[in-house]
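# Coordinate analysis (summary)
Spelled out, the chains give:
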Amino acid sequence: MGVVGLGTMGAGIAQVCVQAGVDTVGREVGDELAERGRATVERYLARGVEKGRTTQGEMDAALGRLRLTTELDDLAGCDLVIEAIVEEIEPKKELFAALDRIVSPQAILATNTSALSVTEIAAATAHPERVVGMHFFNPAPVLPLVEVVRTELTDPAAHDTAYAFAERIGKEPIRCSDTPGFVVNRVLIPLLNDCVRVLDEANVTPDDLDKAMLHGTRWPIGPCALIDLIGIDVHVHASEALWESLREPRMAPPPRLVAMAKAGLLGRKSGRGFYHYDR
Ligand SMILES: NC(=O)c1ccc[n+]([C@@H]2O[C@H](COP(=O)([O-])OP(=O)(O)OC[C@H]3O[C@@H](n4cnc5c(N)ncnc54)[C@H](O)[C@@H]3O)[C@@H](O)[C@H]2O)c1
């Protein structure tokens with residue numbers, strides 16, 4: 001299989017594939033970025049060895065299955081290519097049109113987009129019936145869910161093959177159609193936005209709101225801690241995308257989050273969001 005883009009998600013997806021025994025070609029735009037992708041995979045595999053989840057031999061074998069390239073043509077032999085490049089429609093459309101010309105007629109092309117239209121990406125190719133969404137969650141090696149997304153144009157056999165592949169690499173796939181936010185983000189984004197609005201409406205502190213959801217509903221993590229983990233900017237961006245497609249007020253990012261993003265309070269990654277973090 002092939003992975004295009006070895007950033008946060010692509011490196012994680014590549015890791016899951018090589019660990020499951022699948023030969024994987026990872027494509028980046030430059031050698032340095034490709035090496036950075038390999039280093040990410042290696043670092044996380046090494047952590048698995050330290051924690052006793054995998055052996056040094058298994059780690060070496062997994063790394064040996066990862067081949068890096070900067071040439072799209074090197075993906076010609078792949079049966080499945082998963083795209084995980086920047087979340088922008090034009091580069092994705094361009095990439096899928098090119099991949100469609102390179103891979104064999106039986107190959108499946110999947111996008112890991114969170115918020116863009118899989119249908120629009122598929123329509124940029126000459127064979128939209130082979131295009132699906134495979135939406136992994138961050139961190140991909142840790143979270144089991146993959147939303148396997150069909151468009152109006154997807155061949156059911158291609159959808160089934162993508163689903164079976166997700167199972168083969170040890171994930172817990174679900175089937176769904178191409179609608180804004182698919183399943184999890186469609187539910188989670190307005191819910192988290194409600195939580196932020198409640199902070200001001202109920203005059204409750206982030207700490208107490210998180211405590212309420214942990215102890216009143218047994219959420220595994222409080223909403224403010226979760227937004228800090230996701231990244232305030234990422235959450236605002238996802239909310240805006242859902243708001244633009246659905247025009248439902250609950251989807252729109254709460255002004256408090258927009259202000260935090262503008263102030264550089266991005267959560268864990270910036271050291272401060274709803275909470276302070278040692279970096
Ligand atoms: N980060 C998340 O939490 C998350 C979760 C689920 C899905 N996604 C989706 O996954 C995709 C990637 O997100 P990310 O967070 O990994 O981004 P990222 O910025 O960490 O990585 C993107 C990588 O793609 C590379 N790239 C760009 N154009 C390329 C091309 N034409 N060919 C090869 N490589 C190219 C970049 O150099 C970069 O390394 C996006 O569509 C995003 O919406 C992200």
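Structure report, in brief.

Calculation notes
The numbering scheme is per chain: residues are counted from 1 as the chain's sequence reads. With the structure being a predicted model, the display of local features is reserved for residues of pLDDT at least 70 and the display and counting of side-chain atom pairs for 80 or more, all residues being used for whole-chain, interface and lining totals. No hydrogens and no water enter the side-chain calculation; it runs on all heavy atoms of the structure. Residues are classed as near a molecule or strand on a simple rule: at least one heavy atom within 4 Å of it. Polar contacts here mean pairs of N or O atoms no more than 3.5 Å apart (in protein, one a potential hydrogen donor and the other a potential acceptor; neighbouring residues in sequence count only if both atoms are side-chain atoms). Using a 1.4 Å probe, the Shrake-Rupley method yields the accessible areas, and only the shown protein chains count as cover for residues. Gly counts as polar in this scheme, as do all residues outside two lists: the nonpolar Ala, Val, Leu, Ile, Met, Phe, Trp, Tyr, Cys and Pro, and the charged Asp, Glu, Lys and Arg. When a carboxyl oxygen of Asp or Glu is within 4 Å of a side-chain nitrogen of Lys or Arg, the pair counts as a salt bridge. Strands here mean DSSP runs of E at least two residues long; helices mean DSSP runs of H or I at least four residues long; both are numbered from the N terminus. Note on classification: 1.4 Å probe, protein chains only; a residue is buried when its accessible area is under 20% of the maximum for its type, exposed when over 50%, partly exposed between these limits.

### Re the site of the ligand
Near the ligand lie 20 residues; those nearest to it are M9, R27, E28, E87 and K92. Here an oxygen atom of the ligand sits 2.5 Å away from a polar atom, N or O, in the side chain of E87. Contact between the ligand and K92: an oxygen atom at 2.8 Å from a side-chain N or O atom of the residue. For the ligand, the accessible surface in isolation is 830 Å², of which the surrounding protein chains cover 77%. Class assignment for the residues of the shell around the ligand results in seven nonpolar, eight polar and five charged.

### What about the pattern of salt bridges?
Oppositely charged side chains can pair when the atoms bearing their charge come close. For the structure shown, the criterion picks out eleven salt bridges. Here E90 makes a salt bridge to K93, at a shortest N to O gap of 3.8 Å. One end of the pair is E90 and the other is K93, both in helix 4 (residues 89-102) and three residues apart, which spans about a single turn. With relative accessibility at 48%, the residue E90 sits in the partly exposed group. Close ionic contact of E248 with R186 constitutes a salt bridge, the shortest N to O distance being 3.7 Å. Of this pair, E248 sits in the loop between helix 10 (232-246) and helix 11 (255-262) while R186 sits in helix 7 (residues 184-201), and the two are 62 residues apart along the sequence. Look at E248 and you get partly exposed, because its relative accessible area is 30%. Salt bridges linked by common partners bring E83, E87 and K92 together as one network.

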